[in-house]
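Coordinate analysis (summary)
Below are the chains, spelled out letter by letter.
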Amino acid sequence: MPYNEMQVPYDNKPLTDSERKLIKSSMEQLEEGTFFSSNISVDEEKPYVPIPSSKEKGIKGVTYVRKTPKIGRNDLCPCGSQKKYKKCCLK
């Protein structure tokens, strides 16, 4: 579908000559099928090398050990208010 008429955009300002040229060249590229073609070249000398995971490297995870036991939501609050933790300091 050729783009023959240059329409006025939504803000009702007339198009400038540079905007008309840009729209015209973009529409021609769309019609030719070259608008979305990539100009990025792939370097074929460097093949894709996947990064090994931690299991493949032989690295083991580190387990975190708490110094004090974890406070449950329904335990008494450690601040001394005698309220449940979920109603006091968890908020």
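That block above? That's the structure.
First, a word on scope: everything that follows refers to the structure included in this document. (Residues numbered from 1 in each chain as written. Predicted model: local features only at pLDDT ≥ 70, side-chain atom pairs only at ≥ 80, totals over all residues. Heavy atoms only, no water.)

**Concerning the overall build of the protein**
Short version of the rule: We count a stretch as a helix when DSSP gives it H or I for four or more residues in a row; a strand needs E for two or more, and each element gets its number in order from the N terminus. Remark: exposure states derive from per-residue accessible area (1.4 Å probe, protein chains only) relative to the maximum for the residue type, with buried under 20%, exposed over 50%, and partly exposed in between. Two residues form a contact once any of their heavy atoms are found within 4.5 Å. Note on areas: these come from Shrake-Rupley sampling with a 1.4 Å probe, and a residue is covered only by the protein chains present in the view.
Along the protein, the regular secondary structure elements total two helices and zero strands. Taking all 91 residues of the protein together, 4% fall into the buried category. Within the protein, contacts between residues at least 6 apart in sequence are counted, and of these 10% link residues at least 24 apart. Here the protein displays about 9,400 Å² of accessible surface, and carbon together with sulfur accounts for 54% of that area.

**Quick word on a positive patch on the surface**
Note the threshold: Patch construction takes residues with relative accessible area above 30% that form no salt bridge. Like charges are linked within 9 Å, and nonpolar side chains (Val, Leu, Ile, Met, Phe, Trp, Tyr) are linked within 5 Å. What counts as a salt bridge is simple: a side-chain nitrogen of Lys or Arg found within 4 Å of a carboxyl oxygen of Asp or Glu. The charge count treats Lys and Arg as positive and Asp and Glu as negative. His and the chain ends do not count. In this description, the location of a charge corresponds to atom NZ of lysine, CZ of arginine, CG of aspartate or CD of glutamate.
A contiguous patch of positive charge, built from K83, K84, K87 and K91, is present on the exposed surface. When you line up the elements, K83 lands in the segment after α2 (54–57).

**Focus: the environment of K86**
Let me state the cut-off plainly: Under the rule applied, a polar contact is a pair of N or O atoms within 3.5 Å (in protein, one hydrogen donor and one hydrogen acceptor; residues adjacent in sequence only if both atoms are side-chain atoms).
The topology assignment puts K86 in the segment after α2. Classification of K86 by relative accessible area gives partly exposed; the value is 28%. Not counting chain neighbours up to four residues away, the residues in contact with K86 comprise R73, N74 and K91. A polar side-chain atom of K86 sits 3.0 Å from a polar atom in the side chain of N74.

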